[in-house]
Amino acid sequence: MKDAELIKRKNDHLDIVLHPARAVSRVRTGFERWRFEHCALPELDLDRIDLRTSLFGRPLNAPLLISSMTGGANRARSINRHLAEAAQALGLAMGVGSQRVALEGNSNVGLTRELRDIAPDIPLLANLGAAQIIGRDGLDFARRAVEMIDADALIVHLNPLQEALQSGGDRDWRGVLAAIAQVVAALPVPVVIKEVGAGLSAPVAQRLAEVGVTMLDVAGAGGTSWAAVEGERAATPQARAVAMAFADWGIPTAEALRGLRQQLPEMPLIASGGISDGIDAAKALRLGADLVGQAAAVLGSATASTEAVTAHFQTIIDQLRVVCFCTGSANLTALKAAPLLSAEATA
């Protein structure tokens, strides 16, 4: 596919996701089914609650990942700069959008070592689609993606539904697992596998664990629906009808998270997909996540300024801290043991 076509696609995606009513999943995340038990006597100092953790040997001030957003359009340059500056200021992890355009074309669209210069202390994650690693140049692409931004890890994203519905999408997914295994064996950095909004099932997670993947991002249903996004982009009524039928497809984020944690109790997990605030983030951590990711919800702020992104994530951090306070949790370890009740049972 030509650079111009790929960049147009990325611009279309940004325009649609910036208007959530056009892209939101018809599925709820499942976090609404859970409610923390309130502790009226926390015996804690709110300001001394410890949200610190680490990822790939780098410290984090809070268990938050600015999830992969965009890596193709020209405006990705300023978006990624705003995100990187905010991540560095707050001590959060950051994953870049797909580096396919930067690797295949003549434009790096801001995905260079400049990002590492902006954010020297944070975990920075490179990103490629599964379709890019199964080709002849797959290993070379994977290595270059990491080197391009001096990344601490490589995300390989799985988006079969989106590709099936996308005009010119990658339809042949034979050999993806073998390609992932090859990348895991060859790269000097960890490999993270993520879905893009339809969720990872426990059987798929098990297969990925068996080939040595370091971390999984459940990226469940309940946030952006890439089926709906492709429906909005569809060139014909028929293509739109096919895509829109899948707007409620996928495993809700909370359900996917619980399934993966039960299947793989030791696997590091990221929860993303419709995380709306710090309370959702706290529920995700309690249900088994080690890190919580957010993308679409901060995209509007990312197009505006570094200050807007910083304010957005500071709000989530403050909310997460209050959840800890009102559950009597002095730190993340305590939060993971806080009483969490079925909302149906408390209704």
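Residues numbered from 1 in each chain as written. Predicted model: local features only at pLDDT ≥ 70, side-chain atom pairs only at ≥ 80, totals over all residues. Heavy atoms only, no water.

The protein chain has the name Isopentenyl-diphosphate delta-isomerase in an unreviewed UniProt entry, where Chimaeribacter arupi is given as its organism. What the UniProt record of the protein chain gives under Sequence similarities (unreviewed entry) is the line "Belongs to the IPP isomerase type 2 family." (UniProt positions renumbered as here; feature names shortened; annotations may be inferred.)

*Asks:* Help me out: how do you make sense of the packing of helix α2 (residues 76–90) against helix α15 (residues 306–325) in this one?
*Replies:* To characterise two packed helices, one gives the angle between the axes of the helices and the distance between these axes. For the pair α2 and α15, interaxial distance at closest approach is 8 Å and the crossing angle is 50°. In this view, α2 runs oblique relative to α15, as classed from their interaxial angle. You can see that α2 and α15 cross each other, and the crossing is right-handed. Contacts between α2 and α15 pair R81, H82, L83, E85, A86 and L90 from the former with T306, V309, T310, F313 and Q314 from the latter. Of the residues assigned to the contact of α2 with α15, the class counts are five nonpolar, four polar and two charged. (Axes fitted to C-alpha atoms, helices over the stretch in contact; angles between N-to-C directions. Helix = DSSP H or I, 4+ residues; strand = E, 2+ residues; numbered from the N terminus. Parallel < 35°, antiparallel > 145°, perpendicular 65-115°, else oblique. Left-handed = near helix turned anticlockwise from the far one by under 90°. Contact = heavy atoms within 4.5 Å. Nonpolar A, V, L, I, M, F, W, Y, C, P; charged D, E, K, R; others polar.)

*Asks:* Explanation requested: the environment of I149 in the structure shown.
*Replies:* Mapped onto the elements of the fold, I149 is located in helix α6 (residues 138–149). Remark: the alpha-carbon pair of I149 and R113, spanning 36 residues in sequence, is separated by 4.3 Å.

*Asks:* Would you explain the UniProt feature "binding site: Mg(2+)" (unreviewed entry) in the protein chain in this entry?
*Replies:* The positions that UniProt labels "binding site: Mg(2+)" (unreviewed entry) are, in the present scheme, E163. Among residues more than four places away in sequence, those in contact with E163 are G169, D170, R171 and W173.

*Asks:* Quick question: what am I supposed to make of the nonpolar core here?
*Replies:* The nonpolar side chains of soluble globular proteins are, as a tendency, buried together. L216 and L335 are the most contacted members of the largest nonpolar core, which has 83 residues in total. Ranked by the residues each element gives to this core, the list is headed by α15, at seven residues. Core analysis: the next-biggest nonpolar cluster, separate from the first, contains eleven residues, L60, L125, I155 and M215 among them. (Core = buried A, V, L, I, M, F, W, Y, C linked by side-chain atoms within 4.5 Å. Buried < 20%, exposed > 50% of the residue type's maximum accessible area, 1.4 Å probe, protein only.)

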